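Analysis of the macromolecular model
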Amino acid sequence: MTRVLAKGQAMRKINLELVVGFFVLAAVLCFVYMTVRVGEFQTLVGREYELVASFANVGGLRPGASVFIAGVPVGRVERIALDDYRAKVVMSIGEGTAIQEDAIASVRTRGLLGEPFLEISPGASETILKPGELIRETEPAIDIQALIAKYVFSDKSEGGLE
């Protein structure tokens, strides 16, 4: 048995479908906007340049981690690879940020057990690194667990617990 919708019912159904469609579209657009904002995603080409740093230990640093100078975000870690038994970190830096050749790149964490990030301490040199160049001075991540274990299990004369 086929039920034929009256003209008014058909219009209401079409209007309801349009309203639901608009809400779904709005939700998808909000999701895309938040993804772009939270991820600090740069859609324009040429707004960043890459620098490289080599670390003995990156201590949990991952691609996408933030790069800071004086607490201000200036870029992000793009990729990390093993190169001659060292961690080669490629980072993207905002085009307007100049990094001196004697700058120091350090792996830090937010809080005691927080998320790792890169901190760049500016140098005094007037020579600025060009895209693709290496930050020569690096400081590896501090292994908090090893420090705690050393303190707890060392003998009393070295400052350990009884």
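The rules behind each value
- Residues numbered from 1 in each chain as written.
- Predicted model: local features only at pLDDT ≥ 70, side-chain atom pairs only at ≥ 80, totals over all residues.
- Heavy atoms only, no water.
- Helix = DSSP H or I, 4+ residues; strand = E, 2+ residues; numbered from the N terminus.
- Buried < 20%, exposed > 50% of the residue type's maximum accessible area, 1.4 Å probe, protein only.
- Contact = heavy atoms within 4.5 Å.
- Polar contact = N/O pair within 3.5 Å; in protein donor to acceptor, adjacent residues only side chain to side chain.
- Core = buried A, V, L, I, M, F, W, Y, C linked by side-chain atoms within 4.5 Å.
- Salt bridge = Lys/Arg side-chain N within 4 Å of Asp/Glu carboxyl O.
- Pairing = 2+ DSSP bridges.
- Patch = residues over 30% accessible without salt bridge, like charges linked within 9 Å, V, L, I, M, F, W, Y side chains within 5 Å.
- Areas by Shrake-Rupley, 256 points an atom, 1.4 Å probe, with all protein chains shown as cover.

Along the polypeptide, Ser125 turns up in the loop between strand S6 (116–121) and strand S7 (134–135). Owing to a relative accessible area of 18%, Ser125 belongs among the buried residues under this scheme. Among residues more than four places away in sequence, those in contact with Ser125 are Gln100, Glu101 and Asp102. One polar contact links the side chain of Ser125 to the main-chain amide nitrogen of Thr127, over a distance of 3.0 Å.

A few words now on the nonpolar core. Core analysis: the largest hydrophobic core is formed by 24 residues, its most contacted members being Phe55, Met91, Ile93, Ile99, Leu118, Ile120 and Ile135. Of all the elements in the fold, those that place two or more residues in this core are strand S1 (48–55), strand S2 (66–69), strand S3 (72–83), strand S4 (86–94), strand S5 (104–109) and S6.

What follows is about unusual backbone geometry. Not every positive phi belongs to a glycine, and Asp84 is a case in point at roughly 55°. Overall, the relative accessible area of 66% leaves Asp84 in the exposed class. Phi is positive for Tyr85, close to 65°, though the residue is something other than glycine. For Tyr85, the location among the structural elements is in the loop between S3 and S4.

Before going further, it helps to examine the side chain of Ser92. Position of Ser92 among the secondary structure elements: in strand S4. Within the structure, the side chain of Ser92 is placed 2.9 Å from the side chain of Glu78, a separation counted as a polar contact. Ignoring sequence-local partners within four residues, the contact set of Ser92 consists of Glu48, Tyr49, Glu50, Val74, Gly75, Arg76 and Glu78.

The subject of this paragraph is the pattern of salt bridges. Close approach of charged atoms lets side chains of opposite charge pair. Evaluated as defined, the whole model comprises six salt bridges. Close ionic contact of Glu48 with Arg76 constitutes a salt bridge, the shortest N to O distance being 2.9 Å. In this pair, Glu48 is assigned in strand S1 and Arg76 in strand S3, connecting sequence segments 28 residues apart. Here Arg76 makes a salt bridge to Glu78, at a shortest N to O gap of 3.0 Å. Judged by its relative accessible area of 27%, Glu78 falls in the partly exposed class. Ionic contacts of the salt-bridge type, sharing partners, join the residues Glu48, Arg76 and Glu78 into one network.

It is worth spelling out the sheet that holds S1 at this point. Within the open sheet, the eight strands sit side by side as S7-S1-S4-S3-S2-S6-S5-S8. Their pairing is mixed. Looking at strand neighbours, the two that pair on one side only are S7 and strand S8 (137–139), the edges of this open sheet. Where S1 meets S4, eight bridges bridge the pair, whose relative direction is antiparallel. Within S4, the residue paired with Leu51 across the bridge is Met91.

Let us look at a nonpolar patch on the surface. Taken together, the side chains of Leu16, Val20, Val24, Val28, Phe31 and Val32 define a hydrophobic patch exposed on the protein surface, amounting to about 570 Å² of accessible area. Relative to the assigned elements, Val20 resides in helix H1 (residues 7–38).

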